[in-house]
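Read off the chains here:
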Amino acid sequence: MNRQIAGVRGVAALLPADCARWAAVEDRLRALMEAYGFREIRLPIIERTELYGRAVGEVTDIVEKEMYTFLDRNGDSLSLRPEGTAGCVRAGIEAGLFHNQTQRLWYQGAMFRHERPQKGRYRQFHQWGVEVYGMAGAAIEAELIALGARILRELGVKARLLVNSLGTPACRERYRDALVEHLVAHRDRLDEDSVRRLERNPLRVLDSKNPAMKDVLDAAPMIADHWSAESREHFASLKDHLSALGVAFEVAPRLVRGLDYYTHTVFEWAADETLAQATIAAGGRYDGLVAELGGAATTAVGFAIGMERLMGLVTRLPQAAGLDVYVMTPAALQGRALGLAEALRDRGVRVETHLAAASPKSQGKRARESGARCIVEAVDEEGVAILGTGAIESGTVSWAQAAARISEILGAEAKIHDQ
Ligand code: ATP
Ligand code: MG
């Protein structure tokens, strides 16, 4: 036998059992996107590397040490996308999507970051993101947060919603000075990354997960003390909207998204603290980014869900469509079974056929495992046996009548379930 080739570390295939769960959740997410007026955008997996330097920020974990960057055959530096917002803005500017119009967009797909793989942290992972352009107020932020809360609620995921505000760019400037003063005073307690960030992106220091720095960060000044009247009003309005919608939240005074273009609201959902990777979804308002990437100034707000972390916490799975009929057949009747399956599919019935030589016993086992609502067995040239499951009664039927009779029975059963 040839030597096996191992997969890439931190990069996993989703096996059929996982895919069924993912697809059930994704179907529901798609329906919710429609229910909130969002339209899908499919973004490229590779972008020019400079996009992320500019959009995510040079002085961030992502750009400094997590990107998969390579030169293509023309010598252009490209990167696998580490997140979706930058590409969404880039594509939207290029296509003129932000000219005098509002946009509600969603995307999903694989993202790539060269991190240390562990539970909830992978090198290829998936995000489901929503972005809104051209809406400046707190109302849209509240609607986005209500959407996120609805997703978690429906899937039975327990998480705390944390919100904060970075205020206007001017508020952040003032805060930045106060923060740097505090951090410089405790310079000896900061790790190497933080010392470097101190100069170029001090807000990011607050994102540090280094336990040795916790005391210093807990004692850091709070941005709320630097809000302008406008910032205070915006945040108060967000809180009012959330309360009116019945969305529970906690104000997290030191929650920041340390990127320069973030303004006003930032938020995240955190699962049980005991989990190492507790943040399921995160987002905020980023009014500065479209202009930063060369577009006309456009307000923007969005969030992204980490799908692996979400799927790890789902306790209530949306009802997936599932299989209607499983057809067992001896080898000699495979042709007829195939014909029956196609006739059923013509009627919209979902069918799997057992087309490998196998004993009735092992076919029966596979049929029961398939979760099909009805199991059908090709008996002989005369016809098929309907082996009832659930509310479906057993019986036999001729080949000529099989497709019509089985779909009729399934229709009757569907009615029973609908009520
Ligand atoms: P973390 O602090 O956990 O590193 P982050 O701030 O880097 O997260 P974002 O860039 O805000 O994460 O991405 C949004 C979401 O994507 C995260 O809340 C998380 O659920 C998910 N995510 C980020 N990185 C990974 C990863 N390497 N593996 C799995 N999920 C991830
Ligand atoms: Mg990270």
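Nothing here was measured: the structure is a model prediction, and the numbers come from that model.

A. Up close: the overall build of the protein. In terms of helices and strands, the protein carries 14 helices and 16 strands. Its C-alpha atoms give the protein principal-axis dimensions of roughly 90 × 60 × 45 Å. Within the protein, buried positions represent 47% of all 419 residues. When the accessible area of the protein is evaluated, it comes to approximately 21,300 Å², of which 51% is carbon and sulfur surface. Charge separation in the protein, taken as the distance between the mean sites of 52 positive and 56 negative side-chain charges, equals 2 Å.

B. Inspection of the packing of aromatic side chains at higher detail. Counted under the stated rule, the structure contains 8 aromatic pairs. Between Phe98 and Tyr133, the ring centres sit 4.4 Å apart and the planes meet at 35°, which makes this aromatic pair tilted. Taken as a pair, Phe98 in the loop between helix H4 (85–94) and strand S5 (103–112) and Tyr133 in strand S6 (residues 124–133) lie far apart in primary sequence, 35 residues in all. Taking the relative accessible area as the measure of exposure, Tyr133 reaches 0% and is therefore buried. Each member of the aromatic cluster is reached from another via a ring pair, and the members are Phe98, Tyr133, Tyr262 and Tyr286.

C. Focus on the pairing of strand S15 (residues 383–387). Counting buried residues along S15, 4 of its 5 residues qualify, which places the element largely inside the surrounding structure. Note that strand S14 (residues 374–378) and S15 share 4 bridges and pair antiparallel. In the sheet register, Glu377 faces S15, and the bridge partner there is Ala385. Direction of pairing for S15 relative to strand S16 (residues 395–398): antiparallel, over a ladder of 4 bridges.

D. Region of interest: the sheet that holds strand S2 (residues 46–48). Pairing is antiparallel in the open sheet, where 3 strands are placed in the order S2-S4-S3. The sheet terminates laterally at S2 and strand S3 (69–71), the two strands that pair on one side only. Looking at each pair of strands side by side, their axes are set apart by 35° on average, direction ignored. Summarising the sheet, S3 and strand S4 (residues 77–80) pair through 3 bridges and their orientation is antiparallel. Paired with Phe70 across the strands is Leu78, a residue of S4.

E. Seen up close, the site of ligand 1. Around ligand 1, the structure places 15 residues, and the nearest of them are Arg113, Glu115, Arg121, Lys209 and Arg257. Within the contact set of ligand 1, a nitrogen atom lies 2.6 Å away from a side-chain nitrogen or oxygen of Glu115. In the environment of ligand 1, an oxygen atom lies 3.0 Å from a nitrogen or oxygen atom belonging to the side chain of Gln127. A total of 590 Å² of accessible area belongs to ligand 1 in isolation, and the protein chains cover 88% of it. At the level of elements, S6 and strand S10 (279–285) are the ones that each hand at least two residues to the shell around ligand 1. Of all the elements, S10 adds the most residues to the shell around ligand 1, at 4 residues. Looking at the shell around ligand 1 residue by residue, the classes come out as 5 nonpolar, 4 polar and 6 charged.

F. Structural context of unusual backbone geometry. Unlike most non-glycine residues, Asn100 shows phi in positive territory, near 50°. Note on placement: Asn100 falls in the loop between H4 and S5. Asn100 gets classed as exposed once you look at its relative accessible area, which sits at 84%. One non-glycine residue, His264, lies in the positive phi region at around 55°. In this structure, His264 sits in the loop between strand S8 (250–251) and strand S9 (265–270).

G. Just the sheet that holds strand S13 (residues 351–353), in detail. With mixed pairing, the 5 strands of this open sheet are ordered in space as S13-S12-S14-S15-S16. Each edge of the sheet is formed by a strand with only one pairing partner; in this case those strands are S13 and S16. With strand direction ignored, the average angle separating the axes of adjacent strands in the sheet is 25°. On top of the sheet, helix H12 (residues 334–346) reaches strand S12 (325–328), S13, S14 and S15; it is set at about 170° to S13, its chief contact.

H. A look at the domain arrangement of the protein. What the domain assignment reports for the protein is domain 1 (16–168 + 228–311) and domain 2 (325–412). With centres defined by C-alpha atoms, the gap from domain 1 to domain 2 works out at 46 Å.

I. Here's a closer look at the nonpolar core. Counting 91 residues, the largest nonpolar core has Phe38, Tyr133, Ile145 and Leu310 as its most contacted members. Per-element accounting of this core gives the leading share, 10 residues, to helix H5 (residues 138–154). If we skip the residues at most four places from it in the chain, Phe38 touches Met33, Arg104, Leu105, Trp106, Val130, Glu131, Val132, Leu144 and Leu147. In terms of nonpolar packing, the next biggest core, distinct from the first, is built from 22 residues, Ala337, Val349, Val351 and Ile386 among them.

Criteria and thresholds
- Residues numbered from 1 in each chain as written.
- Chains lettered and ligands numbered in written order.
- Predicted model: local features only at pLDDT ≥ 70, side-chain atom pairs only at ≥ 80, totals over all residues.
- Heavy atoms only, no water.
- Helix = DSSP H or I, 4+ residues; strand = E, 2+ residues; numbered from the N terminus.
- Buried < 20%, exposed > 50% of the residue type's maximum accessible area, 1.4 Å probe, protein only.
- Areas by Shrake-Rupley, 256 points an atom, 1.4 Å probe, with all protein chains shown as cover.
- Lys, Arg positive; Asp, Glu negative; His and termini not counted.
- Charge placed at Lys NZ, Arg CZ, Asp CG, Glu CD.
- Phe/Tyr/Trp six-rings, centres within 6.5 Å; stacked < 30°, edge-to-face > 60°.
- Pairing = 2+ DSSP bridges.
- Axes fitted to C-alpha atoms, helices over the stretch in contact; angles between N-to-C directions.
- Near = heavy atom within 4 Å.
- Polar contact = N/O pair within 3.5 Å; in protein donor to acceptor, adjacent residues only side chain to side chain.
- Nonpolar A, V, L, I, M, F, W, Y, C, P; charged D, E, K, R; others polar.
- Contact = heavy atoms within 4.5 Å.
- Domains from an automatic or database assignment.
- Core = buried A, V, L, I, M, F, W, Y, C linked by side-chain atoms within 4.5 Å.

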